[in-house]
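A closer look at the structure
Residues per chain are reported as follows:
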Amino acid sequence: MIQQPNVWKFGDDIDTDAVIPGKYLIFNTEEELAKYAFEGVRPEFAAKVKEGDIIVAGFNFGCGSSREHAPLAIKGSKVKCVIAKSFARIFFRNSINIGVPLLECQDTDRIGEGDHIEVDFESGIITNTTKNETYQATPLPDFVRGIVDAGGLIAYAKEMVQ
Amino acid sequence: MPTISEKILSRACGKEAHADDFVIATVDYAMAHDGTSVLAVKSFREMGVEKVWDPEKIIIPFDHIVPANNEKAASLQRDIRQWIKEQGIINFTDSGGGICHQVLPENGFAMPGKLIIGADSHSCTYGALGAFATGVGATDMAEIFATGKLWLRVPRTIRINVEGRLQAGVSAKDMTLYIIKNVGADGANYRAVEYYGETISSLSMSGRMTLCNMGIEMGAKTGIVPPDEKTFQYLKGRARDEYTPVLADDGADYIMEYNFDVSDLEPQVAKPHEVDNVSGISDVAGTPIDQVFIGSCTNGRYEDLEAVAELLKGKKVRARTIVLPASRSVLIKATESGIITTLLEAGAIIAPPGCGPCLGAHMGVICEGETCLSTSNRNFKGRMGTGGLIYLSSPETAAASALRGEITDPRSLL
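In this text the structure is predicted, and so the values were computed from the model without any measurement. (Residues numbered from 1 in each chain as written. Chains lettered and ligands numbered in written order. Predicted model: local features only at pLDDT ≥ 70, side-chain atom pairs only at ≥ 80, totals over all residues. Heavy atoms only, no water.)

1. A short note on the overall build of chain A
Stated formally: Helical segments are the DSSP runs of H or I of at least four residues, strand segments are the runs of E of at least two, and each set is numbered from the N terminus. Partly exposed describes any residue whose relative accessible area lies between the buried limit of under 20% and the exposed limit of over 50%, with all areas from a 1.4 Å probe on protein chains only and scaled to the type maximum. Here a residue-residue contact requires only that any non-hydrogen atoms of the pair lie within 4.5 Å. For the purpose of counting charges, residues Lys and Arg are taken to be positive, whereas Asp and Glu are taken to be negative. His and the chain ends are not included. Note on charges: their place is set at NZ of Lys, CZ of Arg, CG of Asp or CD of Glu.
The helix and strand tally for chain A stands at seven helices and seven strands. Tracing chain A from N to C terminus, the helices and strands come up as β-α-α-α-β-α-β-α-β-β-β-β-α-α. Considering only C-alpha atoms, chain A reaches an extent of 40 × 40 × 30 Å along its principal axes. When the 162 residues of chain A are sorted by exposure, 59% land in the buried category. For chain A, the proportion of contacts with a sequence separation of at least 24, taken over those separated by at least 6, is 64%. Side-chain charges of chain A comprise 17 positive and 24 negative groups, with the mean position of each set lying 3 Å from the other.

2. As for the domain arrangement of chain B
Size of an interface, as often reported, equals the accessible area lost when the parts are brought together. All names here are of chain B. What counts, and what does not: Domain limits in this description derive from either an automatic procedure or a database domain assignment. Summed over both partners, buried area is the accessible surface (1.4 Å probe) that two parts give up on being assembled. Each reported salt bridge corresponds to a side-chain nitrogen of Lys or Arg within 4 Å of a carboxyl oxygen of Asp or Glu. Here a polar contact is taken to be a pair of N or O atoms separated by no more than 3.5 Å, where protein atoms must pair a possible hydrogen donor with a possible acceptor and residues adjacent in sequence count only if both atoms sit in side chains.
According to the domain assignment, chain B consists of domain 1 (4-239 + 251-260) and domain 2 (269-413). Listed by partner, the interface residues are 38 residues for domain 1 and 38 residues for domain 2. For the domain 1 face of the interface with domain 2, the top three residues by lost area are Ile99, Lys173 and Leu177, together amounting to 19%. Applying the counting rule to domain 1 against domain 2 returns one salt bridge. With a shortest N-O distance of 3.1 Å, Glu217 and Arg378 are connected by a salt bridge. There are 23 residue pairs in polar contact (both at pLDDT 80 or more) connecting domain 1 and domain 2.

3. Quick look at the side chain of Asp34 of chain B
Here Asp34 of chain B lies in helix 2 (residues 34-47). Apart from the residues lying within four places of it in its own chain, the contact partners of Asp34 of chain B are Pro61, Phe62, Asp63, His64, Ile65, Val66 and Gln77 of chain B.

4. Structural notes on the sheet that holds strand 2 (residues 54-56) of chain A
Residues and elements named next belong to chain A. Under the convention used in this document: Two strands qualify as a pair provided DSSP detects at least 2 bridges between them. A fitted line through C-alpha atoms represents every axis, and for helices the fit uses only the stretch in contact; the resulting angles, taken between N-to-C directions, go from 0 to 180 degrees.
With respect to topology, four strands assemble into an open sheet ordered 1-2-3-4, the strand pairing being parallel. Edge positions in the open sheet fall to strand 1 (7-9) and strand 4 (102-104), since each of these has one partner strand only. Averaged over all pairs of adjacent strands, the angle between strand axes in this sheet comes to 20 degrees, irrespective of strand direction. Across three bridges, strand 2 lies against strand 3 (residues 81-84) in parallel orientation. Paired with Ile55 across the strands is Val82, a residue of strand 3.

5. With respect to the packing of helix 2 of chain B against helix 5 (residues 138-147) of chain B
All names here are of chain B. Put simply, the test is: Any angle that falls under 35 degrees is termed roughly parallel, while one over 145 is termed roughly antiparallel, one within 65 to 115 roughly perpendicular, and all others oblique. Two helices crossing with the near one rotated counterclockwise from the far one by less than a right angle form a left-handed crossing, whereas a clockwise rotation gives a right-handed crossing. Residue polarity is assigned by list, with Asp, Glu, Lys and Arg as charged and Ala, Val, Leu, Ile, Met, Phe, Trp, Tyr, Cys and Pro as nonpolar; anything else, Gly included, falls into the polar class.
Running from N to C, helix 2 and helix 5 point in directions that differ by 60 degrees, and their axes come no closer than 8 Å. Put simply, helix 2 runs oblique to helix 5. Crossing of helix 2 against helix 5: the hand is right-handed. Facing Thr36, Leu39, Ala40, Val41, Ser43, Phe44 and Met47 of helix 2, the residues of helix 5 in contact are Ala138, Thr139, Met141, Ala142, Glu143, Phe145 and Ala146. A per-class count over the contact of helix 2 with helix 5 returns ten nonpolar, three polar and one charged.

6. A short note on the state of the cysteines
Residues and elements named next belong to chain B. Threshold: The definition used for a disulfide is geometric: two cysteine sulfur atoms within 2.5 Å.
Tallying each qualifying case throughout the model produces zero disulfides over all chains. Cysteine Cys100 is unpaired, with the sulfur of Cys355 as its nearest cysteine sulfur at 5.9 Å. When its relative accessible area of 0% is taken as the criterion, Cys100 is described as buried.

7. Brief notes about the side chain of Asn28 of chain A
By the element assignment, Asn28 of chain A lies in the loop between helix 1 (16-19) and helix 2 (30-34). By relative accessible area, Asn28 of chain A is classed as buried at 15%. Residues within four places of Asn28 of chain A in sequence aside, it is in contact with Val38, Leu39, Lys42 and Leu76 of chain B.

8. Observations regarding the pairing of strand 7 (residues 133-136) of chain A
Every second residue of strand 7 of chain A is oriented toward a common face, the buried set being Glu133 and Tyr135 of chain A and the non-buried set Thr134 and Gln136 of chain A. Once strand 6 (residues 125-128) of chain A ends, the chain turns through four residues before running back antiparallel as strand 7 of chain A, passing Asn132 of chain A with a positive phi of about 60 degrees.

9. What about the interface of chain B and chain A?
On the chain A side, the residues contacting the 42 residues of chain B number 36 residues. Note on chain B versus chain A: buried area summed over both sides is about 3200 Å², and carbon and sulfur give 56% of it. Our count for the contact surface shared by chain B and chain A stands at two salt bridges. In this structure, Asp17 of chain A and Arg383 of chain B form a salt bridge, with 2.6 Å as the shortest nitrogen-oxygen distance. Counting across the chain B and chain A interface gives 18 residue pairs in polar contact (both at pLDDT 80 or more). Of all elements in the fold, only helix 2, helix 3 (71-87), strand 6 (132-135), helix 5 and strand 7 (149-153) of chain B reach the threshold of two or more residues within the side of chain B that touches chain A. Among the elements that take part in the side of chain B that touches chain A, helix 2 of chain B stands out by supplying eight residues, more than any other. Among the residues making up the side of chain B that touches chain A, the classes are represented as 18 nonpolar, 13 polar and eleven charged.

10. Structural notes on empty space enclosed by the protein
Residue and element names in this part refer to chain B. Keep this limit in mind: Of the grid points, spaced at 1 Å and generated over the protein atoms alone, those admitting a 1.4 Å probe that cannot get out make up cavities, while open sets with protein on both sides within 12 Å along at least five of seven lines make up pockets; any residue with an atom within 4 Å of a point is treated as lining. Grid points are joined across faces, edges and corners, and a volume is the space filled by probe spheres set on the points.
Scanning all chains against the criterion turns up four cavities of 30 Å³ or more. Looking at the largest cavity, its volume works out to about 210 Å³. His64, Asp120, His122, Cys355 and Arg383 are the residues nearest the centre of the largest cavity, which is lined by 21 residues in total. Here the lining of the largest cavity is built from residues that sort into seven nonpolar, ten polar and four charged. Counting contributing residues per domain, the lining of the largest cavity is built from domain 1 (4-239 + 251-260) and domain 2 (269-413), each supplying no fewer than three.

11. What to know about helix 8 (residues 205-213) of chain B
The element helix 8 of chain B is extensively covered by neighbouring structure, given that nine of its nine residues are classed as buried. All of the buried residues in helix 8 of chain B are Met205, Ser206, Gly207, Arg208, Met209, Thr210, Leu211, Cys212 and Asn213 of chain B.

12. Focus: the packing of aromatic side chains
Rules: Stacked, tilted and edge-to-face are the three classes applied to pairs of Phe, Tyr and Trp rings, where Trp contributes its six-membered ring and a pair requires centres within 6.5 Å; stacked means planes under 30 degrees apart, edge-to-face means over 60, and tilted covers the rest. Here, over-ring charges are defined by two tests on the NZ atom of lysine or the CZ atom of arginine: distance to the ring centre within 6 Å, and angle to the ring normal within 35 degrees.
Inspection of the entire model under this criterion finds 19 aromatic pairs over all chains. Arranged with centres 4.7 Å apart and planes meeting at 65 degrees, the rings of Trp8 of chain A and Phe45 of chain A form a pair that is edge-to-face. Taken together, the residues Trp8 of chain A in strand 1 and Phe45 of chain A in helix 3 (residues 45-48) connect sequence positions 37 residues apart. The class for Phe45 of chain A is buried, based on a relative accessible area of 0%. With a centroid separation of 4.0 Å and 10 degrees between ring planes, the pair formed by Tyr24 of chain A and Tyr36 of chain A is classed as stacked. A residue pair is termed long-range when its members are at least 10 positions apart, and Tyr24 of chain A in the loop between helix 1 and helix 2 and Tyr36 of chain A in the loop between helix 2 and helix 3 qualify at twelve residues. On the accessibility criterion, Tyr36 of chain A (22% relative accessible area) is partly exposed. Stacked on the ring of Tyr196 of chain B, the Lys or Arg Arg159 of chain B has its end atom at 4.0 Å from the ring centre. Directly above the aromatic system of Tyr234 of chain B lies the positively charged group of Arg238 of chain B, at a separation of 3.9 Å from the ring centroid.

Below, the structure written as structure tokens:
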């Protein structure tokens, strides 16, 4: 049986210090940063997160510092995407710019820790197979999805130039 | 009718722009510090561009982890110094020069009507001088390094009016925390904020920087105080360039308006772990503290140190007290005026200008169960050290609390 993605559930106002503490600004690769992702708030995250897992949160995810280390740490954790009720502005830009997909969905309270969910990025439909429910997220506009799919803004721009 | 943000971004993109429009704007000044330039330079190199768009418009102050605390930080900083040299970037201040958000205003880069983008979330500080200033991440900064341009969505604007005279012992920080309490940690997300009213006009430039600095703590893209005579005075002999003050038109379109009267405002304190978790001091007075941090891009300016020295003069602190002047100039001025001696005699530690304990990166770190009262801008869980508790306050409250070893109303000592 294929192991389905697992939800890591967070609350409101998850700040970038929670995603990656300031002392790790001395690292500049996603692999190194991923080792310390959520260290202060979910110490088990870095060791237990699996490729394809999904982070689900409430309002204002990624508030605080402009450190791109935060979405890089998430990218390095190989999570499939972050779903939240809303995102802080700088974090949103940074995530798209480095190719981390984000989805805004108002129903994240219905998704629990460890639920198995599937995400269709094109339609924005989230299927919760644990609870047998579906939710509608706001899909990213096509060109933004293009940037994410390319792996980020620099790769996207290079593709465009070629 | 246009707001200040609409006017500045229209000028910067070369055509009339309205709220919600996407524009490609030409940046007047770009800033990155040691903490963020590492990734910005990495992205810039990945782009395969050889030279930055204009080395005179890029400002790089080293302030986050200074002086370097380990080999890794030292090696990253050496790499950036080398890049700065290769690129011919002259506006570089190395370790000890000060915090970016003090270095830029002090050296006249923050001016009315300018578009200033910083690779730091508190870049909104420059709105205190009437600039449109906002923070971005490394990839966006790399783009600016390469092209001098950035795409932006023109924000809608919230108008905040503040009236009333602040009591003695109550300062800009208290007013700022009170505003954040009311607007909420994401209440201004994606918005610009314009500040009006007699309380705002009567704030010093230092107080205006405290206010605008914390706009990001309500999610704001920028926070702007309309430039006035005080702004022009501050810029005399300092401004790097010609500037045209930009004001909103009468009848400008605001999506929301707040009105505050601060005449009776008591000192405010943000409790762990959210900046909008704010109480009046009467609710938290008596909370024991282990450490006091006075400094940061919010409250490390000369006027802040002066207020602290006034309370500490001839007395001894009971809590470990760390003071970081916001810049070398602030430190020199405070040394010459005797403030530094007063602080040292009171038992404070004076550390070199920089961000220091604020982000828990390399000094003044607190441990599990310890409490720090800080004049900085963020009390996020674990920010100054895993398991530590952070309260935010004005310099006056921080000084009074340092003396008692517990959160104390500074008005009781005046």
